[in-house]
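What follows is each chain in one-letter form.
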Amino acid sequence: MSGAPTGEPPQRNRMPMLRTIAGVFDKSAAFVCCALVTALLGCVSLGALTRGLGEPLIWTDELSRFLMVWLAVFGWVVASRKRIHVRIRFFQDLLPKRGHQATELAIQSAMTLFGVLVTAYGAGLIDKNHDLQATTLPISMAWMYAPMVLGGAITALQGASEVIETLRRRFSPPAAGEGTIVE
């Protein structure tokens, strides 16, 4: 039979577009991390310099706290997206293939749930703090918690995609030559 299959699922056509969107997101997150590191370094340096000159700018401490939270969350997002977060697989790698896959499903399902819970908790913190102003800055304290929603949502989406990928590998037919006995 020649030609393209007639019943090709529409999701296959969307995969390059999703990869492009994910790539743009990943590059944007890395850029934001660089900008946050630069801003944090500048803010802390300015605070140390003005303190050393005897005329401290008190808002630098509070801004540094905001920037550290944002940087930590964006670092978490970048590490999750690149799959470079800390993970010890020693015991998991000792398991047989099915046990390894079951453990992977459990871990990624737990990560998905964790992401959903962080997102919900972060949204609650934003709601509770939206009317409180920071002590030395003219911004709402909700901005301190806003990145938690993003970090939780990305963690939930990343975990869910890993669950789907693990299930796809587990239930997909073996590739040619894989799992066949040649005599």
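Fair warning: this is a prediction, and the values are worked out from it, not measured in the lab. (Residues numbered from 1 in each chain as written. Predicted model: local features only at pLDDT ≥ 70, side-chain atom pairs only at ≥ 80, totals over all residues. Heavy atoms only, no water.)

Caption draft 1: Examining the overall build of the chain more closely. Helix and strand counts for the chain come out as five helices and zero strands. Listing each helix as α and each strand as β along the chain from the N terminus yields α-α-α-α-α. Looking at the chain residue by residue over its 183 residues, the buried ones come to 26%. When contacts within the chain are restricted to residue pairs at least 6 apart in sequence, those whose partners lie at least 24 apart make up 71%. (Helix = DSSP H or I, 4+ residues; strand = E, 2+ residues; numbered from the N terminus. Buried < 20%, exposed > 50% of the residue type's maximum accessible area, 1.4 Å probe, protein only. Contact = heavy atoms within 4.5 Å.)

Caption draft 2: Structural view of the confidence of the model for the chain. With 87% of its residues at a pLDDT of 70 or more, the chain shows a mean pLDDT of 87. Taken together, the stretch residues 1–5 has pLDDT below 50 and engages in zero contacts with residues farther than four places along the chain or on a different chain. (pLDDT = per-residue confidence, 0-100.)

Caption draft 3: Layout of the nonpolar core. With 12 residues, the main nonpolar core is built from A29, C33, L36, L40, C43, L67, L71, V73, F74, V77, V78 and I154. Of all elements in the fold, only α1 (10–52) and α2 (59–82) reach the threshold of two or more residues within this core. Ranked by the residues each element gives to this core, the list is headed by α2, at six residues. When sequence neighbours within four positions are dropped, the list of residues in contact with C43 reads T60, L63, S64 and L67. Listed in part, the five residues of the second largest apolar core include F66, A134, L137 and M141. (Core = buried A, V, L, I, M, F, W, Y, C linked by side-chain atoms within 4.5 Å.)

Caption draft 4: How the structure looks around the pattern of salt bridges. Counting across every chain of the model gives five salt bridges. Notably, a salt bridge pairs E162 with R83, separated by 2.4 Å at the nearest N-O pair. On the criterion of sequence distance, the pair formed by E162 in helix α5 (residues 142–171) and R83 in the loop between α2 and α3 (90–93) is long-range, its members being 79 residues apart. Overall, the relative accessible area of 53% leaves R83 in the exposed class. Across the pair R169 and E165 runs a salt bridge whose closest N-O atoms are separated by 3.8 Å. Here the residue R169 and the residue E165 both occupy positions in helix α5, the gap between them amounting to four residues, near one helical turn. Within this structure, E165, R168 and R169 form a network of salt bridges that share partners. (Salt bridge = Lys/Arg side-chain N within 4 Å of Asp/Glu carboxyl O.)

Caption draft 5: Quick look at the packing of aromatic side chains. A complete count under the given rule lists four aromatic pairs for this structure. Pairing W70 with F74 gives two aromatic rings, centres 6.2 Å apart and planes at 15°, and the pair type is stacked. Residue W70 and its partner F74 are both found in helix α2; the two are separated by four residues, about one turn of the helix. Classification of F74 by relative accessible area gives buried; the value is 10%. Chaining the aromatic ring pairs together yields one cluster made of W70, F74 and W143. (Phe/Tyr/Trp six-rings, centres within 6.5 Å; stacked < 30°, edge-to-face > 60°.)

Caption draft 6: Layout of α2. Relative to the 34 Å expected for 24 residues at 1.5 Å per residue, α2 spans 34 Å between its end C-alpha atoms, a close match to the ideal helical length. For α2, every residue scored as buried is listed here: T60, E62, S64, F66, L67, L71, V73, F74, V77, V78, A79 and S80. Positive phi appears at R83, one or two residues downstream of α2, with a value of about 60°. (Expected span 1.5 Å × (residues − 1).)

Caption draft 7: Quick look at the side chain of T166. In this structure, T166 sits in helix α5. Judged by its relative accessible area of 2%, T166 falls in the buried class. Discounting chain neighbours no more than four positions away, the residues touching T166 are Q101, E104 and L105.

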